[in-house]
Amino acid sequence: MTIDEQLDYLMSGTAKVIGRDELKERLKLGRPLRVKLGVDPTAPDIHFGHTVAIEKLRQFQQLGHQAILLIGDFTATIGDPTGRSVTRPPLTRDQVLVNAETYTQQAFKILDRAKTEIVYNGDWFRKMTYEEVLQLNSKATMQQMLAREDFHTRVESGREVRLHELQYPLMQGWDSVVIRADVEIGGTDQLFNLLVGRDLQKAQGMLPQIAMTLPLLEGLDGVRKMSKSYGNYIGVDEPAETMFGKVMSTSDELMDRYYQVLLGAVRDLSLHPMEAKKQLAVKLTARYHSEEAALLAKQDWETRFSKRDLASADLPEFDLMSLPEGANALELVSHLFSTVFHLTKSNGVLRKEHFMPGAIQLNDVKVNDPNSRLELKSGDILRLSKKHAVRFL
RNA sequence: GGGUAGGUUCCGGAGCGGCCAAACGGGGCAGACUGUAAAUCUGUUGUCUUUCGACUUCGCUGGUUCGAAUCCAGCCCUGCCCA
């Protein structure tokens with residue numbers, strides 16, 4: 001690839017890049033660039049939202065550059081205030097380390113493990129003296145920090161901003177100095193933090209990093225950004241069927257967005273929207289599972305939801321032997337929700353939201369009475385809602 | 001430190017002695033319709049209870065009252081203005 005082709009490749013799908021020309025110059029140097037992606041291990045699981053940046057990092061890696069995953073083990077104990085309207089609850093160090101482990105493990109579904117450098121910013125921050133902290137602080141002004149939109153809005157709207165939160169951008173910037181980053185990748189909401197890195201590097205007489213932002217991916221609700229805490233995410237570690245199903249539940253607008261951001265493509269408008277969505281779901285599922293698994297998931301989805309044929313669908317199975325003794329329908333459903341689907345529903349809610357409207361069905365026959373005793377035999381299918389059903393063994 | 005406004009159920013936000021488990025909106029859940037889409041419509045959304053009802057909840061603690069989210073006192077927390 002020529003330099004220009006490389007540049008185009010690296011620029012593709014990015015939102016805003018500060019230092020595009022610098023990147024070109026830097027590519028001409030012919031040495032592997034140090035490309036940093038900061039990871040905030042507040043939640044262990046990687047979802048599609050994270051993959052946008054990780055995928056970009058992979059592209060750098062593919063061109064022979066040095067990918068650096070920076071685990072913000074120290075900064076996570078502060079909590080990134082980016083985009084937050086309230087202060088984040090801090091994490092304990094143990095939680096952070098456990099999270100970091102699962103996180104990296106999942107990241108290597110995309111990245112080449114052998115060629116990725118992993119660093120923990122606690123390694124340097126924990127050693128800093130207060131003197132050094134003050135010195136670092138002297139490099140930025142209150143005004144700069146308040147220029148950040150999220151801080152600014154919080155101040156304007158009368159919500160609190162804790163002083164330690166102001167440290168976050170500074171620390172992230174300092175990370176770039178320490179690891180001598182040539183490029184830093186992040187979501188569009190990270191732009192400010194990435195620029196702080198540039199400033200600090202310049203102040204230290206280093207070449208400033210190129211700040212490369214990637215679009216933020218909306219979650220399944222189509223409104224808020226994808227995030228575990230909103231419960232609107234698709235995790236890369238989820239089973240193929242779940243992944244496929246979640247993609248299928250997106251709205252048409254969101255589907256277009258996913259096409260664009262996750263595949264870097266435009267959907268084929270000549271196809272029926274549902275067909276286009278199935279193709280998207282297959283492609284995305286195949287990325288983290290296999291082509292075969294994705295096609296199986298598709299097939300299963302079709303039997304289950306299009307044909308509404310629960311009998312031939314691949315449902316979670318439940319051994320009749322492990323059922324609680326003498327349970328009535330209500331107790332049974334409650335038990336299944338918690339053991340199979342890990343959902344806690346109160347009896348009142350089950351009665352009013354599931355039994356009353358007829359969501360509970362045994363072999364397609366509605367069960368409206370929560371007190372009835374169900375005669376269950378092997379092979380029976382109990383539907384708890386449109387999306388939840390089990391087969392008994 | 002002074003002044004001032006406030007802390008209500010998942011969120012926003014009413015309520016300001018009984019009719020309050022607490023309006024309304026959002027969100028969630030479920031049903032109908034559908035392309036498990038969107039939009040729309042319906043039900044539901046503290047816990048237990050088949051119903052009646054019981055119990056816990058309106059920052060915390062105590063008090064007044066037959067009765068408090070609502071009144072009083074003390075405490076804790078937050079915003080804003082001033083220093």
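Here is what the cut-offs are and how they apply
Residues numbered from 1 in each chain as written. Chains lettered and ligands numbered in written order. Predicted model: local features only at pLDDT ≥ 70, side-chain atom pairs only at ≥ 80, totals over all residues. Heavy atoms only, no water. Helix = DSSP H or I, 4+ residues; strand = E, 2+ residues; numbered from the N terminus. Buried < 20%, exposed > 50% of the residue type's maximum accessible area, 1.4 Å probe, protein only. Contact = heavy atoms within 4.5 Å. Areas by Shrake-Rupley, 256 points an atom, 1.4 Å probe, with all protein chains shown as cover. Lys, Arg positive; Asp, Glu negative; His and termini not counted. Charge placed at Lys NZ, Arg CZ, Asp CG, Glu CD. Pairing = 2+ DSSP bridges. Axes fitted to C-alpha atoms, helices over the stretch in contact; angles between N-to-C directions. Phe/Tyr/Trp six-rings, centres within 6.5 Å; stacked < 30°, edge-to-face > 60°. Near = heavy atom within 4 Å. Polar contact = N/O pair within 3.5 Å; in protein donor to acceptor, adjacent residues only side chain to side chain. Nonpolar A, V, L, I, M, F, W, Y, C, P; charged D, E, K, R; others polar. Core = buried A, V, L, I, M, F, W, Y, C linked by side-chain atoms within 4.5 Å.

> Help me understand the overall build of chain A in this model?
Within chain A, the secondary structure is distributed over 16 helices and eleven strands. Projected onto its principal axes, the C-alpha coordinates of chain A cover approximately 75 × 45 × 40 Å. Looking at chain A residue by residue over its 393 residues, the buried ones come to 47%. Considering only residue pairs separated by 6 or more positions, chain A has 68% of its internal contacts joining residues 24 or more positions apart. Of the roughly 19400 Å² of accessible surface on chain A, 52% is carried by carbon and sulfur atoms. Charge-centre separation for chain A: the mean point of 50 positive side chains lies 2 Å from the mean point of 53 negative side chains.

> Could you clarify how one ought to interpret the sheet that holds strand β7 (residues 317-318) in this entry?
Hydrogen bonds along the backbone pair up the strands of a sheet, which may run parallel or antiparallel. Pairing is mixed in the open sheet, where five strands are placed in the order β7-β11-β10-β8-β9. Only two strands of the sheet have a single partner each, and these edge strands are β7 and β9 (365-366). Pairing of strand β8 (residues 361-362) with strand β10 (residues 381-383), which is carried by two bridges, proceeds in the antiparallel orientation. Bridged to Gln361 within β10 is Arg383.

> Where do I start with the sheet that holds strand β2 (residues 34-39) in this structure?
Spatially, β1-β6-β5-β2-β3-β4 is the arrangement adopted by the six strands of the open sheet, whose pairing is mixed. The open sheet has two free edges, formed respectively by β1 (16-18) and β4 (116-120), since each of these has just one partner strand. Each strand axis lies, on average, 20° off the axis of its neighbour in the sheet, ignoring direction. Of the pairings in the sheet, the one linking β2 to strand β3 (residues 66-71) comprises six bridges and is parallel in character.

> What is the right way to read the packing of aromatic side chains from this model?
Two descriptors summarise a pair of aromatic rings, namely the distance from one centre to the other and the angle between the planes of the rings. Applying the stated criterion across every chain, the model contains seven aromatic pairs. Each ring, one from Phe244 and one from Trp301, has its centre 6.2 Å from the other, and the planes form 55°; the classification is tilted. Taken together, the residues span a long stretch of sequence, with Phe244 in helix α11 (residues 240-248) and Trp301 in helix α14 (residues 291-306) at a distance of 57 residues. Its relative accessible area of 0% is what places Phe244 among the buried residues. Ring geometry for Phe318 and Phe392: centres 6.4 Å apart, planes at 90°, overall edge-to-face.

> Explain the protein's contact with RNA strand B to me, please; I cannot follow it from the model alone.
Taken together, 33 residues sit near RNA strand B, with Gly245, Asp252, Trp301, Glu353 and Arg383 positioned nearest. When atoms of RNA strand B within 4 Å of the protein are split into backbone and base, the sugar-phosphate part holds 69%. For RNA strand B, a base nitrogen lies 3.2 Å from a polar atom in the side chain of Lys277. Take Ser385: an N or O atom from its side chain is 3.3 Å from a phosphate oxygen of RNA strand B. At the level of secondary structure, the elements contributing two or more residues to the surface near RNA strand B comprise α11, α13 (273-288), α14 and α16 (347-355). The dominant element in the surface near RNA strand B, judged by the number of residues it contributes, is α16, at six residues. For the surface near RNA strand B, the class distribution of residues is eight nonpolar, 13 polar and twelve charged.

> Quick question: what am I supposed to make of the nonpolar core here?
Nonpolar side chains tend to gather and get buried jointly when the protein is soluble and globular. Within the largest apolar cluster, 57 residues are counted, with the highest numbers of intra-cluster contacts made by Leu23, Phe48, Val183 and Ile185. Ranked by the residues each element gives to this core, the list is headed by α13, at seven residues. The residues touching Leu23, leaving out its near neighbours within four places in the chain, are Leu7, Met11, Leu33, Val183, Ile210 and Met212.

Honestly, it's all geometry; don't read function into it.
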